[in-house]
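For reference, the chains in residue letters:
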Number of protein chains: 2
Amino acid sequence: MSQPNLCDLKSCFLCSSCLTEWVSVIGQERKNITVKKSQTLFKEGDPVTGMFFVYSGKLKVHKRWDHEKEIILRFAQRGDIVGHLGLGDEPAYPVSATAIEPVTVCYIPMAFFEATLNINHGFATKLMRFFANELHESEKRMRNFVHMPVKGRVAQALITLQKQFGVNNEGCINIELSRQDLASFSGTVYESLFRAVNELVAADLIKLIGKHIRILKEDALLEMIASENILIK
Amino acid sequence: MSQPNLCDLKSCFLCSSCLTEWVSVIGQERKNITVKKSQTLFKEGDPVTGMFFVYSGKLKVHKRWDHEKEIILRFAQRGDIVGHLGLGDEPAYPVSATAIEPVTVCYIPMAFFEATLNINHGFATKLMRFFANELHESEKRMRNFVHMPVKGRVAQALITLQKQFGVNNEGCINIELSRQDLASFSGTVYESLFRAVNELVAADLIKLIGKHIRILKEDALLEMIASENILIK
DNA sequence: CGCATGCTTGAGCACGTTCAATTGCGGTGG
DNA sequence: CCACCGCAATTGAACGTGCTCAAGCATGCG
């Protein structure tokens with residue numbers, strides 16, 4: 001596999017200028033790691049040793065409840081950062097990261113990363129702002145899980161996925177996701193997700209094309225969510 | 001009311017050294033604001049103009065679902081920070097902050113705060129780390145809301161409150177909270193909370209003393225939560 | 001061809017919400 | 001001092017959503 005160039009990560013949440021600066025510093029420190037589909041990059045409880053920048057492929061970041069239940073917190077793809085929760089005070093990762101496609105990431109040892117933080121002002125601030133946005137998203141989602149019924153949660157999940165991954169040339173959400181994973185991302189169980197999807201198909205709001213899902217009426221989905229929530233924003 | 005001295009905020013999440021430095025800079029910029037019980041400091045949708053450091057009193061930070069439902073995301077007391085979600089990219093606060101006791105806060109205009117960020121390295125990094133921890137907490141709580149039944153959520157809420165506010169001289173959780181607020185913090189409705197509390201009292205795990213709640217067997221509460229969750233951490 | 005695995009559907013059940021009615025209590029005014 | 005009002009606390013009952021369990025069905029691979 002050819003050596004990916006970190007500069008391609010410009011699409012990352014970091015502004016290209018400060019990233020370029022940063023990349024030039026770490027040039028010799030970075031190490032690429034590849035993992036196969038369904039293998040984990042790290043697991044809950046693993047000691048934090050570093051962070052990861054995704055170069056290619058898609059990952060799910062998830063948190064276990066018991067042996068058969070989990071919740072998928074977010075997905076990551078090219079340009080995204082993974083393992084950043086390790087920056088908190090916990091010495092162990094509070095989440096797991098698992099590849100849902102073959103993945104290549106750039107590994108940055110934590111000690112080096114922290115040293116960089118102390119050197120590069122803008123970087124720490126950008127990261128802070130990134131975390132603020134993530135926290136905002138998380139709290140919005142938490143509220144939705146508490147108050148929104150399953151069908152709405154599934155609709156919301158699909159819209160979120162389309163926003164993040166875009167659509168392929170058939171107009172489908174550009175990610176191949178097992179039903180189980182979609183259920184975990186929607187905060188429900190396999191069967192409930194299944195029925196919710198069926199209802200959305202029956203209502204002509206979405207369409208199944210092979211293993212992919214195409215959103216037919218996004219506004220109708222949003223409408224459906226909003227109808228259960230007067231003050232959606 | 002006497003002018004509170006910001007240096008007393010040492011107990012804040014920021015290390016005292018960098019806070020002291022910071023405080024000396026803002027000396028002349030700070031402005032104290034007081035709000036009465038049940039008044040809001042800011043509401044969802046208000047334009048972000050600054051941040052707040054709590055000098056005295058207690059606040060709830062909450063997010064509305066519809067006109068009668070909300071979720072309480074966290075509480076804040078002396079030394080805590082409020083309005084920090086305004087640091088994200090949204091131009092408006094995504095949450096509201098309401099006093100549950102008479103409150104005095106120190107107001108910092110956002111422009112000034114951001115300028116400070118650019119000057120003081122350690123500060124931005126500390127803030128970043130704070131956000132990372134908050135995000136971690138938020139995601140743990142999100143998972144709990146999805147998978148934990150109401151009784152467990154209430155037990156969890158009580159333990160969280162005791163951890164944050166400690167106990168008074170009667171051994172009760174040192175916060176006076178309406179049942180409605182406790183319900184919103186537990187992610188359920190008034191009546192369900194009521195019954196859950198009753199069950200906990202009946203099982204001799206907690207005790208009601210006036211308007212306060214005393215945890216009798218914290219380990220038993222944790223046990224109860226864990227029994228529904230093999231892998232609690 | 002047979003077994004295994006995942007997908008699909010049905011039925012029952014439990015939890016939690018909703019709605020409604022009652023009780024208790026503090027404050028207010030006659 | 002009592003009567004009344006209002007509000008929060010409390011309880012009961014019914015309903016609905018979503019989870020669980022289990023059986024049927026398709027698919028694939030040895």
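Residues numbered from 1 in each chain as written. Chains lettered and ligands numbered in written order. Predicted model: local features only at pLDDT ≥ 70, side-chain atom pairs only at ≥ 80, totals over all residues. Heavy atoms only, no water.

With an unreviewed UniProt entry as reference, chain A is termed Crp/Fnr family transcriptional regulator, source organism Mucilaginibacter calamicampi.

Every contact between the two is made by 50 residues of chain A and, on the other side, 50 residues of chain B. When chain A packs against chain B, close to 5100 Å² is buried across both sides, 66% of that on carbon and sulfur atoms. There are four salt bridges connecting chain A and chain B. Close ionic contact of B:Glu139 with A:Arg74 constitutes a salt bridge, the shortest N to O distance being 2.5 Å. At the boundary of chain A and chain B, one finds 13 residue pairs in polar contact (both at pLDDT 80 or more). Those elements that provide at least two residues to the side of chain A that touches chain B are β4 (59-64), β5 (70-76), α2 (110-119) and α3 (121-147) of chain A. Residue contributions to the side of chain A that touches chain B peak at 22 residues, all from α3(A). Counted by class, the side of chain A that touches chain B contains 21 nonpolar, 12 polar and 17 charged residues. (Contact = heavy atoms within 4.5 Å. Buried area = accessible area lost by both parts, 1.4 Å probe. Salt bridge = Lys/Arg side-chain N within 4 Å of Asp/Glu carboxyl O. Polar contact = N/O pair within 3.5 Å; in protein donor to acceptor, adjacent residues only side chain to side chain. Helix = DSSP H or I, 4+ residues; strand = E, 2+ residues; numbered from the N terminus. Nonpolar A, V, L, I, M, F, W, Y, C, P; charged D, E, K, R; others polar.)

So, about the sheet that holds β5(A). Sheet strands line up and pair through hydrogen bonds in the backbone, either parallel or antiparallel. All names here are of chain A. In space, the four strands of this open sheet follow the order β2-β7-β4-β5, with antiparallel pairing throughout. Every other strand in the sheet has two partners, leaving β2 (40-42) and β5 as the edge strands with one partner each. Mean inter-strand twist for the sheet, computed between neighbouring axes without regard to direction, equals 30°. Summarising the sheet, β4 and β5 pair through six bridges and their orientation is antiparallel. Bridge pairing in β5 links Arg64 to Glu70. Along the sheet, helix α5 (residues 179-186) makes contact with β4 and β5, crossing β5 at roughly 100°. (Pairing = 2+ DSSP bridges. Axes fitted to C-alpha atoms, helices over the stretch in contact; angles between N-to-C directions.)

The relation between the two copies of this chain is a rotation about an axis and a shift parallel to it. Superposing chain A onto chain B requires a rotation of 180° together with a translation of 0.0 Å along the rotation axis, leaving an RMSD of 0.0 Å. One copy is carried onto the other by what is essentially a two-fold rotation axis. The position closest to the rotation axis in chain A is occupied by the C-alpha of A:Met128, lying 2.2 Å away. Looking at the interface residues of chain A, 100% of them are also at the interface in chain B, so both copies use one shared face. (Least-squares fit on C-alpha atoms with pLDDT ≥ 70 in both.)

Let us now look at the nonpolar core. In this structure, A:Val82, A:Phe113 and B:Phe113 are the most contacted members of the largest nonpolar core, which totals 80 residues. If we skip the residues at most four places from it in the chain, A:Val82 touches A:Leu41, A:Phe42, A:Met51, A:Phe52, A:Val54, A:Leu59, A:Val61, A:Ala76 and A:Ala97. (Core = buried A, V, L, I, M, F, W, Y, C linked by side-chain atoms within 4.5 Å. Buried < 20%, exposed > 50% of the residue type's maximum accessible area, 1.4 Å probe, protein only.)

Moving on, we come to the environment of B:Leu135. Its place among the elements puts B:Leu135 in helix α3 (residues 121-147). With sequence-adjacent residues up to four places away left out, B:Leu135 is seen in contact with A:Leu85, A:Phe131, A:Glu134, A:Leu135 and A:Ser138.

Right, let's get into the packing of aromatic side chains. Note on aromatic pairs: each is described by the distance of the centres and the angle between the planes. Taken as a whole, this structure holds 14 aromatic pairs over all chains when the rule is applied. Aromatic pair B:Phe52 and B:Tyr107: ring centres 5.4 Å apart, planes at 50°, arrangement tilted. Taken as a pair, B:Phe52 in strand β3 (residues 50-56) and B:Tyr107 in strand β8 (residues 103-109) lie far apart in primary sequence, 55 residues in all. B:Phe52 sits in the buried class, given a relative accessible area of 5%. Among the aromatic residues, those joined into a cluster by ring pairs are A:Phe42, A:Phe52, A:Tyr93 and A:Tyr107. When the ring centre of A:Tyr55 is taken as reference, the NZ or CZ atom of A:Arg78 above it lies at 4.7 Å. (Phe/Tyr/Trp six-rings, centres within 6.5 Å; stacked < 30°, edge-to-face > 60°. Lys NZ or Arg CZ within 6 Å of the ring centre and 35° of its normal.)

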